[in-house]
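Chains, contacts and geometry: an overview
Below, each chain spelled out in residue letters.
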Amino acid sequence: MNKLFSLKFLLLLLAAAGVLSISSCEKGEESNSEKPIVSNTMKTECLSSVISSHFSPDSIIVYYNNSNRTIHVEHYNHVINCGHDSIDINVVSTNDTIWIKEIDFGEEANCTCSLNNLYQINNIEKGQQYTIIIENCSRNSLHENCNIVYNQILNS
C-alpha cells in the first residue's frame, strides 16, 4: 500500500511539473510577442545635395499610429560614413522609455553622405506616454560610437 501511494504521488508530481512547464512556456511566448519589433525598414543610397536639401540636416519625424500600435520613424538626411554596408535598428523598451539605436556597419571611409532611413516599431502599448530616445551609432571592428540625436515624449 505504501508503494502504491508513493507511485501515485510521484505521478501526480510529474503531472504537476509538466503543467507548470507548459504554462511557463506559453507565458514566455506571450511576453516575447509583445516586445517592440522593428519592421518595414528602408534606407536610400547616398543622396545628392539637391534631393537632401528638402529637409533640414538630420531631421527626424516620429509619430504613433493608434490603429496598429506602431511608431513610425522617418530619419531624413542621416549623415553617415560613405563606407557603410548596412544600418541595423535595435530597440529596447524599459518602463516608459524606448531606446532606439541606428547602428551603421562597414569600413571607415574618408567621406560622409546623407541618406534617408525609415522604419516602424510594432507592438507599442496604447494609452501610454513614452520617452523616445534615438541614437546614431557607428560601429567598426574595434568599437561603437553613439550620439543621441532625438529625445522627445510621445503619447500612444
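See the structure above.
Residues numbered from 1 in each chain as written. Predicted model: local features only at pLDDT ≥ 70, side-chain atom pairs only at ≥ 80, totals over all residues. Heavy atoms only, no water.

1. A look at the nonpolar core
Keep this limit in mind: To qualify as a nonpolar core, a set must consist of buried Ala, Val, Leu, Ile, Met, Phe, Trp, Tyr and Cys residues joined through side-chain atoms within 4.5 Å. Classification of residues uses two cut-offs on accessible area relative to the type maximum, computed with a 1.4 Å probe and protein chains only: under 20% is buried, over 50% is exposed, and between them is partly exposed. Under the DSSP-based scheme used, a helix requires at least four consecutive residues in state H or I and a strand at least two consecutive residues in state E, with every element numbered from the N terminus. The contact rule is simple, with two residues in contact once any of their heavy atoms fall within 4.5 Å.
One finds V62, I71, V73, I98, I100, I132 and I134 to be the most contacted residues of the largest nonpolar core, which totals 21 residues. Put simply, the parts of the chain that give this core at least two residues each are β2 (59–65), β3 (70–81), β4 (84–94), β5 (97–106), β6 (112–122), β7 (129–139) and β8 (144–155). Looking at this core, the element that brings in the most residues is β6, giving 4 residues. The contacts of I98, once residues within four sequence positions are left out, are I71, V91, V92, S93, I124, Y130, T131, I132 and I133.

2. Topic: the state of the cysteines
Disulfides are covalent bonds that connect the sulfur atoms of two cysteines. Selection criterion: The term disulfide is used for any two cysteine sulfur atoms that are within 2.5 Å.
A full pass over the atoms with the stated rule returns 3 disulfides. A sulfur-sulfur distance of 2.5 Å marks the disulfide that ties C82 to C111. Taken together, the residues C82 in the loop between β3 and β4 and C111 in the loop between β5 and β6 connect sequence positions 29 residues apart. Looking at C82, the relative accessible area reads 29%, which means it is partly exposed.

3. Observations concerning the sheet that holds β3
The following threshold applies: By the convention used here, strands pair only if DSSP detects at least 2 bridges between them. As a rule, the C-alpha atoms of each element are fitted with a line to give its axis, helices using only the stretch in contact, and angles between N-to-C directions run from 0 to 180 degrees.
Spatial ordering of the open sheet is given by β1-β6-β3-β2, a layout of 4 strands whose pairing is antiparallel. Single-partner strands in this sheet number two, and they are β1 (37–43) and β2. Shown here is a sheet whose adjacent strand axes are inclined to one another by a mean of 20 degrees, direction ignored. Two elements, β3 and β6, share 9 bridges in a ladder whose sense is antiparallel. When the bridges of β6 are listed, I80 appears paired with C113.

4. What about the environment of N40?
By secondary structure assignment, the location of N40 is in strand β1. Between the C-alpha atom of N40 and that of Q120, which follows or precedes it by 80 residues, the distance is 5.9 Å. Once residues lying within four places of it in the same chain are set aside, the contact partners of N40 are L118, Y119 and Q120.

5. Looking at the side chain of N136
Tracing the backbone through its elements, the reader meets N136 in strand β7. In contact with N136, other than residues within four places in its own chain, are D58, H75, H78, E102, N145, C146, N147 and V149.

6. A look at the pairing of β3
When you tally the buried positions in β3, you get 11 out of 12 residues, the bulk of the element. Two strands pair when backbone bridges link them, and β2 and β3 are joined in this way by 7 bridges, in the antiparallel orientation. Among the inter-strand pairings, V62 is bridged to a residue of β3, identified as V73. Taking the residues that link successive antiparallel strands as the turn, the β2-β3 hairpin has 4 residues, and the phi of R69 there is positive, at about 55 degrees.

7. Quick notes on the environment of I37
With respect to the helices and strands, the residue I37 is situated in strand β1. Once the C-alpha coordinates of I37 and N123 are considered, the two residues, 86 residues apart in sequence, prove to be 6.6 Å apart. In contact with I37, not counting residues within four places along its chain, are Q120, I121, N122 and N123.

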